[in-house]
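For reference, the chains in residue letters:
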Amino acid sequence: MPVDARLGSTTMRLRVLYTGDIESCGNASYGEVEDYTVNVYDPLSIDESDFANINVYPNPNEGTFTVDLRKLNTTNDVTVELYTISGQLIHQSK
């Protein structure tokens, strides 16, 4: 997703040519076209450089794990939120 993508609901057209190539523009005699609605949201508010200072273990796990923030270089309060893959908040702690 481009960083400057417009937030909100937008359409995306995917075209697969007869040869198996995927193109967004141009003309083709044979192939398949599908339209999708995509919801674009604000990115998560974590600096990617902070990932090197966060440790989650064991991985994989069966629902019990540790989030180690001791190496996180901050004096601010940190809130940890855990979401399901569908975006439902299932745990929050400070």
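Above this note sits the structure.
First things first, this report covers the structure right here in the doc. (Residues numbered from 1 in each chain as written. Predicted model: local features only at pLDDT ≥ 70, side-chain atom pairs only at ≥ 80, totals over all residues. Heavy atoms only, no water.)

Overview of the overall build of the chain
- Summing up its helical and strand segments, the chain has zero helices and seven strands in all.
- Looking at the chain as a whole, 6% of its 94 residues qualify as buried.
- The contacts in the chain between residues at least 6 apart in sequence include a share of 22% that link residues at least 24 apart.
- Only carbon and sulfur atoms are counted for the fraction: they give 50% of the accessible area of the chain, which is about 8800 Å². (Helix = DSSP H or I, 4+ residues; strand = E, 2+ residues; numbered from the N terminus. Buried < 20%, exposed > 50% of the residue type's maximum accessible area, 1.4 Å probe, protein only. Contact = heavy atoms within 4.5 Å. Areas by Shrake-Rupley, 256 points an atom, 1.4 Å probe, with all protein chains shown as cover.)

A word on the pattern of salt bridges
- The tally for this structure, following the rule as stated, stands at one salt bridge.
- A salt bridge links D68 to R70; the shortest N-O distance between them is 2.8 Å.
- What makes D68 buried here is its relative accessible area of 15%.
- Given the relative accessible area of 71%, R70 is considered exposed. (Salt bridge = Lys/Arg side-chain N within 4 Å of Asp/Glu carboxyl O.)

Points about the pairing of strand β6 (residues 80-83)
- By the bridge criterion, four bridges tie β6 to strand β7 (residues 89-93) in an arrangement that is antiparallel. Bridged to V80 within β7 is S93. (Pairing = 2+ DSSP bridges.)

Details of the side chain of D68
- One can find D68 in strand β5 (residues 66-68).
- There is a polar contact of 2.8 Å between the side chain of D68 and the side chain of R70.
- Not counting residues up to four positions away in its chain, the partners in contact with D68 are N53, I54, N55 and Y57. (Polar contact = N/O pair within 3.5 Å; in protein donor to acceptor, adjacent residues only side chain to side chain.)

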